[in-house]
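Read off the chains here:
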Amino acid sequence: MKVVWTDTAKNHLDAIYNFIAQDSPAYAKRMVDRLTRRSQQIGNFPLSGRSVPEYEMEQIREVIEGPYRIIYYIKANQIDILAVFHGARDITL
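No experiment lies behind these values; they were computed from the predicted model shown. (Residues numbered from 1 in each chain as written. Predicted model: local features only at pLDDT ≥ 70, side-chain atom pairs only at ≥ 80, totals over all residues. Heavy atoms only, no water.)

*Asks:* Sorry if this is basic, but what is going on with the sheet that holds strand E5 (residues 78-86) here?
*Replies:* Sheet strands pair via backbone hydrogen bonds, and the direction of the pair is either parallel or antiparallel. The sheet built from 5 strands is open, its strands ordered E1-E5-E4-E3-E2 with mixed pairing. The strands lining the two open edges of the sheet, one partner per strand, are strand E1 (2-5) and strand E2 (50-51). Taken together, the 7 bridges between strand E4 (residues 68-74) and E5 define a ladder with antiparallel strand orientation. Bridging across to E5, Arg69 finds its partner in Phe85. Packed on one face of the sheet, helix H1 (residues 7-21) meets E1, E4 and E5 and runs near 30° to E5. Across the face of the sheet, helix H2 (residues 25-44) comes into contact with E1, strand E3 (60-65), E4 and E5 while running at roughly 135° to E3. (Pairing = 2+ DSSP bridges. Helix = DSSP H or I, 4+ residues; strand = E, 2+ residues; numbered from the N terminus. Contact = heavy atoms within 4.5 Å. Axes fitted to C-alpha atoms, helices over the stretch in contact; angles between N-to-C directions.)

This is the structure we're talking about:
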């Protein structure tokens, strides 16, 4: 299934890269690569992620990559990556 990264999710990736790159640009690139590769898994197996407890909607799911949560929305013809953020962050704010 086609996976589309929303502008918000792309901005999150940029922020993650910029934060990590302050200490290690090489590790920042590796982390962003790991996060974007997970979208392949999501495209192949959309239901592999768990439902997001904060939203309780079957179509909104997440997968974990390292300390980050990748939140996505399953549509009939595509999957939208909605957000990528650190697992310690409260997403209801």
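*Asks:* I keep staring at the environment of Phe85 and nothing clicks. Help me out?
*Replies:* With respect to the secondary-structure elements, Phe85 resides in strand E5. With relative accessibility at 6%, the residue Phe85 sits in the buried group. For the pair Phe85 and Ile70, spaced 15 residues apart in sequence, the C-alpha separation works out to 6.9 Å. (Buried < 20%, exposed > 50% of the residue type's maximum accessible area, 1.4 Å probe, protein only.)

*Asks:* What is the right way to look at the environment of Tyr17 in this model?
*Replies:* Along the chain, Tyr17 falls in helix H1. Tyr17 gets classed as partly exposed once you look at its relative accessible area, which sits at 31%. Sequence separation between Tyr17 and Arg38 is 21 residues, and the spatial gap between their C-alpha atoms is 16 Å. Setting aside residues no more than four positions away along its own chain, Tyr17 makes contact with Pro25, Ala28, Lys29 and Val32.

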